[in-house]
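# Observations on the model geometry
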Amino acid sequence: MRLFCLPYAGGSEIIYYKWKNYLHPSIQLVPIQLKGRGKRFSESFYESLEEAVDDIFENIKDKIVDDDYAIYGHSMGSLLAYELYYKISEFNLRKPKHIFFSGYEAPSMIKKTESTYTFPDYDFMKKVMELGGIPEELINNQEVLQIFLPIIRSDFKIVETYNYKKREEKILCDVSILNGKHDSIDLEGILAWKNHVCRGFKVYTFNGNHFFINSNVENVTSIINATLNRKDYAKSDI
């Protein structure tokens with residue numbers, strides 16, 4: 001089974017590389033590379049979340065025709081995974097066996113906030129650092145900052161300008177919700193994911209803040225292994 005992994009804002013596919021050492025051999029890790037970073041550094045940033053989803057869909061559509069797969073998204077990656085599911089459904093392609101929504105509240109609970117992505121550089125980075133995933137040294141390293149800043153600012157833009165639209169069709173696969181005990185997301189926002197699905201639903205809480213996946217690799221991958229190796233996930237059409 002393939003496991004497509006979508007990164008958080010400012011992240012690239014490398015955040016998932018360490019998972020290779022812990023995932024069961026039956027699970028093929030497929031981290032998704034977004035525009036503007038890594039091998040795609042020279043490509044223009046996305047103007048909207050919809051544009052990002054379209055790009056991801058084009059990159060995976062041929063890989064989901066015949067093989068079972070699951071999707072894992074953290075923070076921004078969860079929102080991408082949510083919209084990607086409906087893009088796949090729109091084209092009537094094989095649906096995922098499972099989706100792991102990590103570090104993000106249900107889309108229906110998203111509240112409009114200030115446009116952080118428009119802040120001056122210093123204020124913007126201070127705001128980003130409050131989430132807990134950015135080393136304090138980074139804000140004082142101008143060379144690295146000049147590379148990193150446009151990427152994360154672009155990611156914040158597509159998330160903060162995202163417009164949720166209610167869909168009658170609920171997600172037709174099991175889902176797992178993963179969150180950090182000390183994240184700012186409240187229980188209501190986490191449990192609201194249940195309103196978006198009509199099959200299996202489980203919630204897992206880990207020690208840590210918004211970026212709990214970086215300090216809980218073994219625990220997170222253990223849950224993925226147990227979930228995707230269930231007997232009822234034997235190959236079948238969904």
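An account of the accompanying structure is given in this report. Worth saying up front: this structure is predicted, and the values here are computed from it rather than measured.

With that settled, the discussion passes to the overall build of the protein chain. Counting its secondary structure elements, the protein chain contains six helices and six strands. The secondary structure elements of the protein chain, listed N-terminal to C-terminal, are β-β-α-β-α-β-α-α-β-α-β-α. Taken against the 2.2 N^0.38 rule, which gives 18 Å for 238 residues, the C-alpha radius of gyration of the protein chain at 17 Å falls within 12% of a compact globule. Principal-axis analysis of the C-alpha atoms places the extent of the protein chain at approximately 50 × 35 × 35 Å.

Across its 12 residues, helix α6 (residues 217-228) extends 16 Å between first and last C-alpha, which sits within 8% of the 16 Å expected from 1.5 Å per residue. All of the buried residues in α6 are V217, V220, T221, I223, I224, N225, T227 and L228.

What follows deals with the packing of helix α1 (residues 49-60) against helix α2 (residues 76-90). Between α1 and α2, the least distance of the axes is 9 Å, while the angle of their chain directions is 60°. Taken together, the axes of α1 and α2 are oblique relative to one another. Crossing angle aside, the handedness with which α1 passes α2 is right-handed. Residues L49, A52, V53, D54, I56, F57 and I60 of α1 lie in contact with α2, whose contacting residues are L79, L80, E83, L84, K87 and I88. Residues that form the contact of α1 with α2 fall into these classes: 10 nonpolar, no polar and three charged.

Taken as a whole and judged by the stated rule, the model has 13 aromatic pairs. Aromatic ring contacts, followed pair by pair, group Y82, Y85, Y86, F101 and W193 into a single cluster. Lying over the aromatic face of Y17, K20 brings its terminal NZ or CZ to 4.9 Å of the ring centre. Geometry around F124 places R153 over its ring, the cationic atom sitting 4.6 Å from the centre.

With that settled, consider the pairing of strand β4 (residues 98-102). Across the five residues of β4, five count as buried, placing the element largely inside the fold. Pairing geometry for strand β3 (residues 69-74) and β4, over five bridges, is parallel. When the bridges of β4 are listed, G73 appears paired with F101. Chirality of the crossover, the property in question, places the unit of β3, α2 and β4 among those that are right-handed. Bridge count for β4 against strand β5 (residues 174-180) is five bridges, and the pairing is parallel. Residue pairing for β5: S102 is matched across the bridge by L178.

Rules of the game
- Residues numbered from 1 in each chain as written.
- Predicted model: local features only at pLDDT ≥ 70, side-chain atom pairs only at ≥ 80, totals over all residues.
- Heavy atoms only, no water.
- Helix = DSSP H or I, 4+ residues; strand = E, 2+ residues; numbered from the N terminus.
- Rg over C-alpha atoms; globule rule 2.2 N^0.38 Å.
- Expected span 1.5 Å × (residues − 1).
- Buried < 20%, exposed > 50% of the residue type's maximum accessible area, 1.4 Å probe, protein only.
- Axes fitted to C-alpha atoms, helices over the stretch in contact; angles between N-to-C directions.
- Parallel < 35°, antiparallel > 145°, perpendicular 65-115°, else oblique.
- Left-handed = near helix turned anticlockwise from the far one by under 90°.
- Contact = heavy atoms within 4.5 Å.
- Nonpolar A, V, L, I, M, F, W, Y, C, P; charged D, E, K, R; others polar.
- Phe/Tyr/Trp six-rings, centres within 6.5 Å; stacked < 30°, edge-to-face > 60°.
- Lys NZ or Arg CZ within 6 Å of the ring centre and 35° of its normal.
- Pairing = 2+ DSSP bridges.
- Right-handed = clockwise from strand over helix to strand, strands pointing away.

Functional significance is not addressed by these values, which are geometric in nature.
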